[in-house]
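Reading the structure
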Amino acid sequence: MSASILKIDEKDLHKSLDTAANIIKNGGTVVFPTETVYGLGANAYDPEACLKIFKAKNRPADNPLIVTVSNFDMVNEVAYIDADLLKIMKKVWPGPLTLLLKKKDSIPSIVASGMDTVCVRFPDNQIALSLIEKSGVPIAAPSANLSTKPSIVDSNDAIEDLKDRVDAIIDAGRVRYGVESTILDATKKPYELLRPGAFSVEDLNKLFGKISINEAAKGYKESKVALTPGMKYRHYAPSKRLFLIENEEQFKKFISSERSKPFTALCSEENAKYAKYEKIILGSDIYEVAHNLFYAFRELDKGNNKFGVIQSFPENSIGFGVMNRVRKASYLIIKENGDLNGIIDANIQ
Ligand code: AMP
Ligand code: MG
């Protein structure tokens, strides 16, 4: 199978969207852009079509899918949402905030991994919205990356990884934000932040009053933290070992030292001057860093160095989502001052 690559220049846009919508209607899979990252979608009402998403991504069956919609009637078709919450969502949607809600029977069990909840998202991207609208059904769409790999933010990368795994790919270049949507559990009070992302926690607090924050939101749980080991599995990870040095002074010292030779430094514009060897500049503000992060992980994999080392960023606005991804992608998190070189040496064998 080789995916149709669908162009979106002025001449091809409508034809491409019609082709993609027909594929969705006929039970196929389409990779499409959203404002956050690329999604890998299928008809959310069709369990066989949704099974293809899990297969294409190698996604474990116990990791449920987000359902994307293009209007408020569709929200009501897939989930129970109370009137007060709906009023707020009408101010926020379309936008990069996903809500966890009680699911309706229209959504097959495979989408929700057997649970009675569903994640609903109304993306702020005209191509995504037109595709859903033309398909006439909600589209189940997790991020388009292969399971455990960095999310896809550029259509060339989608083509490279997925051309033999899906029916079509919409070739729409780079996405706007570069990290996934924020996920808020609206089935409990206070609402709980499950995953930080492109919609800021500061804005959530303004909208909903104080929300609670799930302990996994910082992203520590799935990585190995130096001095507090306990690795389960990684997420969003480049193939090469990525080391996160959380203390900025320690990071700057390391990348300016001789020992950093086998490492590519992933750093801010401001810290680039400290890098003695290879570096990838992520940007000069946190939105730029978010935009470039997953792209940089792929560049790291393509480069010559064996390892990557990354700094931490302030965890306000989109920075909370950035640091969640960075921690989950890291092979090793170095949190505290201590024998940095010893810790690194023990982990580059
Ligand atoms: P992805 O779109 O690949 O970034 O992944 C979707 C995210 O939504 C994953 O972190 C899922 O665990 C989460 N998710 C989707 N549906 C549910 C659900 N019903 N309950 C809890 N988490 C969910
Ligand atoms: Mg994902």
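Residues numbered from 1 in each chain as written. Chains lettered and ligands numbered in written order. Predicted model: local features only at pLDDT ≥ 70, side-chain atom pairs only at ≥ 80, totals over all residues. Heavy atoms only, no water.

Note the cut-off: UniProt positions are given in the numbering used here, feature names are shortened, and annotations may be inferred rather than shown by experiment.
Identification of the protein as Threonylcarbamoyl-AMP synthase from Candidatus Mancarchaeum acidiphilum is taken from an unreviewed UniProt entry. The heading Subcellular location (unreviewed entry) in the UniProt record of the protein holds the text "Cytoplasm".

1. Concerning the UniProt feature "binding site: L-threonine" (unreviewed entry) in the protein
In plain terms, the rule: Numbered from the N terminus, helices here are DSSP runs of H or I no shorter than four residues, and strands are runs of E no shorter than two. For the purposes of these results, a polar contact is taken to be a pair of N or O atoms within 3.5 Å, where, inside protein, one atom must be able to donate a hydrogen and its partner to accept one; residues adjacent in sequence count only when each atom of the pair is a side-chain atom.
UniProt records the feature "binding site: L-threonine" (unreviewed entry) for Thr36, Arg121, Ala141 and Ser181 in the present numbering. With the annotated positions falling across 146 residues, the maximum pairwise C-alpha distance of 12.3 Å places them together in a single cluster. Relative to the assigned elements, Thr36 resides in the loop between β2 (30-32) and β3 (39-43). One polar contact links Thr36 to Thr34, side chain to side chain, over a distance of 2.9 Å.

2. Notes on the site of ligand 1
Definition in use: Throughout this document, a residue counts as near a molecule or strand when at least one of its heavy atoms sits within 4 Å of that molecule or strand. For the area figures, the Shrake-Rupley method with a 1.4 Å probe applies, and any residue is considered shielded solely by the protein chains shown.
What surrounds ligand 1 is a group of 13 residues, the closest being Arg59, Asn63, Thr117, Ser143 and Arg195. Measuring from a nitrogen atom of ligand 1, one finds a side-chain N or O atom of Thr117 at 3.1 Å. A distance of 2.9 Å separates an oxygen atom of ligand 1 from a polar side-chain atom of Ser143. Burial of ligand 1 by the protein chains amounts to 81% of its free accessible area of 500 Å².

3. A closer look at the side chain of Glu35
We count it as follows: Exposure categories follow from relative accessible area, calculated using a 1.4 Å probe and restricted to protein chains: below 20% of the type maximum is buried, above 50% is exposed, and the middle band is partly exposed. Two residues qualify as a contact provided that any one of their heavy atoms is within 4.5 Å of a heavy atom in the partner residue.
Note on placement: Glu35 falls in the loop between β2 and β3. For Glu35, a relative accessible area of 1% puts it in the buried group. Within the structure, Glu35 has its side chain in polar contact with the side chain of Arg121 (distance 2.8 Å). A distance of 3.0 Å separates a polar atom in the side chain of Glu35 from the backbone nitrogen of Asp124. Those residues within four positions of Glu35 in sequence are excluded, and the remaining contacts are Gly95, Pro96, Arg121, Pro123, Asp124, Asn125, Val175, Arg176, Tyr177 and Gly178.

4. Regarding the nonpolar core
The line we're drawing: By nonpolar core is meant a set of buried Ala, Val, Leu, Ile, Met, Phe, Trp, Tyr and Cys residues that side-chain atoms within 4.5 Å join together.
Of all hydrophobic cores here, the largest spans 100 residues; its most connected members are Met89, Trp93, Leu131 and Phe208. It is helix α9 (residues 286-302) that contributes the most residues to this core, eight residues altogether. Among all residues touching Met89, those that are not within four sequence positions of it are Phe72, Ile81, Leu97, Leu99 and Phe208. Counting residues in hydrophobic clusters, the runner-up holds 18 residues, among them Ile255, Phe307, Tyr331 and Leu332.

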